[in-house]
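# Chain and residue survey
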Amino acid sequence: MDGIKDKVAIIGMGCSKFGENWEKSADDMIIDAAYEAYQDAGIEPKDIGAAWLGTYVTEWTGQMLSRALKLDYIPVTRVENACATGSDALRNACYAVASGACDIALAVGVEKLKDSGYTGLPDFELLRRQSNTYRTRTYSPPGHFAMMATKYFDRYGLSPEEGKKVIGQIAVKNHHNGSLSPKAHFQSETTLEKVLAAPMVAWPLGLFDCCGVSDGAAAAIVTRADLAKKFRPDPVYIKALQIAVGPYEGYMSPKFDWSHVEETVRAGERAYAEADVKNPRKEISMAEVHDCFTITELVIMEDLKFSERGKAPDDVRSGFFNLDGGLPINTDGGLKCFGHPIGASGLRMMYEVYKQLQQKADKRQIKNPRLGLTHNLGGTPATCSVSVIIAGNELG
C-alpha cells in the first residue's frame, strides 16, 4: 500500500481561545482560527482551493465555513465522525492535496456547545430522532468510562485507592500543562489531594477526572510536501493518517474486557506502519491523546504501545509522561484543560503538535521533538471512531 507519508505538509495553523465563549459565535471562532492560519502560512483566502469543515452538531452543511470566511465558490465539505471529526477534516484535506485535486486545502474544526442548552455533550442520536440502543439518560459517558476504570483496576490488581491516585496524577499533570497554555479553558494547577477530594461524578471518576465542555475552533492549511518550503522554512510533514471505526463488537460480545479499546490498537498499528515507526515509546517525541476522562488516557498509553499492558500506572508514577519526562503526553493540557468542543478537538491537538515540532511552544516546549502524534476517540470503550495522525518536522 502506498501511504500518505511525506506527501503533504502543514504550512499554517490557527486556534481560537477555548472556553465559555459567550461573546463569540461559531463564525467568530472560525474567523479567529482561520485568519491566524492564513497569516502563519503567508497566504490569502483566495489561495485556498478546497476546504473541509468538521463539526458535530453546530452546523449541518459546509455552507457555514464559506459564509464565515467568504470563500469564493470553492468546494466546501462538512465532515462528521464523532470526536474524530476535526482529525477527519484534516485527513480529507490532506488526501485532496495528495491526489492532486488542489494544491492548497483548508481544514477547520469548530463547535459551539455552551449555548446549546446541554450541560454535557449533546446526544446526536436524539437530535436526529434515531433510536438510541446503547445509551439512556442515566447511562452517561462518565458511566461508560467508569466501567473501564473499575475493570482496569481489577484486571491489573490495583486497589480502589491505588487506582484513584494513578488517574489523579494524570489530572494533576494535565492541569500543570494547561496552566502554561494561554488558549486553554482551564489554566490553573491542582493538587492530588484536591483531585481525590473532589465530588464524585461516576465512581471512581471524580470531577477532576472528567474533561469539561467548551467552545472553540482550530484550522490547518496543507499543501504538497514538495511545495511546502516555498511558504515557510519549517513546515510539518504528515507521516500517517489512520482512522478505525469499530463494528459494535464491544456491546455484542461478552468477551470484551473493558480495559482496552480495539479501535485505538488497530488505528495505532496502521499509523505506525504507515509512518515506519518501529518502537513508538522511543520514536514518538510527544502525543496529544483523547483524555476525555483520566482513565482513558491511562488505557491509551497501553493501546498505543507507549507502555506495556498493565504497566502504564508505573509510567505515570515515575513521571515518564510529564512535560520533562521520556514521552510527554498532552503537553498543552489536553481535553482536561481545553474542554471538548467536539469538531475542534482533533485540530487543536495538531496545533500543539505543530507548535512543538517548530520549537514554538513557549514554556511548554519539549526538547528536540521529531515526531508528534494525535489521537481521538469518539464513542465509548465498547464501540467508537478513533483517529491516529503522526506528523514530523523532517522528511524521511
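Please read all numbers here as calculations on a predicted model, not as lab measurements. (Residues numbered from 1 in each chain as written. Predicted model: local features only at pLDDT ≥ 70, side-chain atom pairs only at ≥ 80, totals over all residues. Heavy atoms only, no water.)

### Side note on the packing of helix α3 (residues 85-99) against helix α14 (residues 342-357)
This is how the line gets drawn: The convention used is that axes are lines fitted to C-alpha atoms, helices contributing only their stretch in contact, and that angles between N-to-C directions extend from 0 to 180 degrees. Each helix corresponds to a stretch of at least 4 residues labelled H or I by DSSP, and each strand to a stretch of at least 2 residues labelled E; elements are numbered beginning at the N terminus. Throughout, a contact is declared for two residues whenever any of their heavy atoms are within 4.5 Å.
One way to put it is that α3 packs onto α14 with a least axis distance of 5 Å and a crossing angle of 65 degrees. The segment α3 lies against α14, with Thr85, Gly86, Ser87 and Leu90 engaging Gly343, Gly346, Leu347 and Met350.

### Description of the layout of surface pockets
Which parts of space are left empty comes out when a probe the size of a water molecule is rolled across the atoms. Our working definition: Both cavities and pockets are sets of points on a 1 Å grid over the protein atoms alone; in a cavity a 1.4 Å probe fits but cannot get out, in a pocket the set is open with protein on both sides within 12 Å along at least five of seven lines, and lining residues sit with an atom within 4 Å of a point. Grid points are joined across faces, edges and corners, and a volume is the space filled by probe spheres set on the points.
Considering only enclosed or pocket space, the second largest pocket measures out at about 240 Å³ in volume. Around the second largest pocket, the lining comprises 16 residues; the ones closest to its centre are Gly246, Pro247, Glu249, Glu262 and Glu263. Of all the elements in the fold, those that place two or more residues in the lining of the second largest pocket are β8 (236-245), α8 (249-252) and α9 (262-275). A total of four residues in the lining of the second largest pocket trace back to one element, the largest contributor, which is α9.

### Quick word on the side chain of Glu352
Cut-off, in case you're wondering: In this scheme, a residue with accessible area under 20% of its type's maximum is buried, one over 50% is exposed, and one in between is partly exposed, where area comes from a 1.4 Å probe on protein chains only.
Among the structural elements, Glu352 can be located in helix α14. Judged by relative accessible area, Glu352 falls into the buried class, the value being 2%. Aside from chain neighbours lying at most four places away, what touches Glu352 is Met286, Glu288, Thr331, Asp332, Ala361 and Arg364.

### Considerations on the sheet that holds strand β2 (residues 50-54)
Remark on secondary structure: sheet strands pair via backbone hydrogen bonds, oriented parallel or antiparallel. What counts, and what does not: DSSP calls a pair of strands paired once it identifies at least 2 bridges connecting them.
The mixed open sheet is built from nine strands, whose spatial order is β3-β2-β4-β7-β1-β8-β11-β10-β9. Sheet topology places β3 (76-79) and β9 (286-288) at the edges, where each strand pairs with a single neighbour. The average angle at which neighbouring strand axes cross in this sheet is 25 degrees, direction not considered. As paired elements, strand β4 (residues 104-111) and strand β7 (residues 216-224) share eight bridges and run antiparallel to each other. When the sheet's bridge partners are listed, Ala105 is paired in β7 with Val222. Where helix α1 (residues 26-41) meets the sheet, it contacts β1 (8-15), β2, β4 and β7, and its direction lies at approximately 130 degrees from that of β1.

### Brief notes about the pairing of β7
In terms of residue burial, β7 counts as a mostly covered element, since eight of its nine residues are buried. Bridge analysis of β1 against β7 gives seven bridges, and the strand direction is antiparallel. The residue bridging Cys15 from the neighbouring strand is Ala218, located in β7.

### A word on the side chain of Thr264
What counts, and what does not: Within 3.5 Å is the distance limit for a polar contact, defined as a pair of N or O atoms, with the added protein rule that one can donate a hydrogen and the other accept it, and that residues adjacent in sequence qualify only through two side-chain atoms.
Summarising the element assignment, Thr264 is placed in helix α9. Here His375 takes part through its side chain, which lies 3.0 Å from a polar atom of the side chain of Thr264. Aside from chain neighbours lying at most four places away, what touches Thr264 is Asp303, Leu304, His375, Leu377 and Val386.

### A short note on the pattern of salt bridges
Note the cut-off: Salt bridges are identified by distance alone: a Lys or Arg side-chain nitrogen within 4 Å of an Asp or Glu carboxyl oxygen.
Following the criterion strictly, the structure yields 27 salt bridges and no others. In this structure, Lys7 engages Asp2 in a salt bridge whose closest nitrogen and oxygen atoms are separated by 2.8 Å. The class of Asp2 is exposed, set by a relative accessible area of 67%. As a salt-bridge pair, Asp257 and Arg155 come within 2.6 Å of each other at their nearest N and O atoms. Here the residue Asp257 occupies a position in the loop between α8 and α9, and Arg155 occupies one in helix α5 (residues 141-155), the gap between them amounting to 102 residues. Each of Asp40, Arg232, Asp234 and Lys360 takes part in one network of salt bridges that share partners.

### Some words on the pairing of β1
Look at any regular strand and the pattern is simple: side chains alternate between the two faces of the sheet. Counting buried positions over the eight residues of β1 gives eight, a clear majority of the element. Of the strand pairs in this sheet, β1 and β8 are connected by two bridges, and their pairing is antiparallel. In the strand pairing of β8, Ile10 is matched with Val236.

### A few points about the nonpolar core
Formally: Residues enter a nonpolar core if they are buried and are Ala, Val, Leu, Ile, Met, Phe, Trp, Tyr or Cys, with the set joined through side-chain atoms within 4.5 Å.
By size, the foremost hydrophobic cluster in this structure holds 49 residues, and its most contacted members are Leu205, Ile284, Ile295, Leu298, Phe306, Leu373 and Ile390. Contributing elements (two or more residues each) for this core: α5, α6 (160-178), β8, α9, α11 (294-303), α12 (312-318), β10 (371-380) and β11 (383-392). Per-element accounting of this core gives the leading share, six residues, to α5. Excluding anything up to four places from it in sequence, Phe306 contacts Tyr272, Pro280, Arg281, Ile284, Ala287, Met301, Asp315, Phe321, Leu327, Ile329 and Leu373. Among the nonpolar cores identified, the runner-up in size contains 39 residues, and Ile4, Ala50, Cys94 and Ile366 belong to it.

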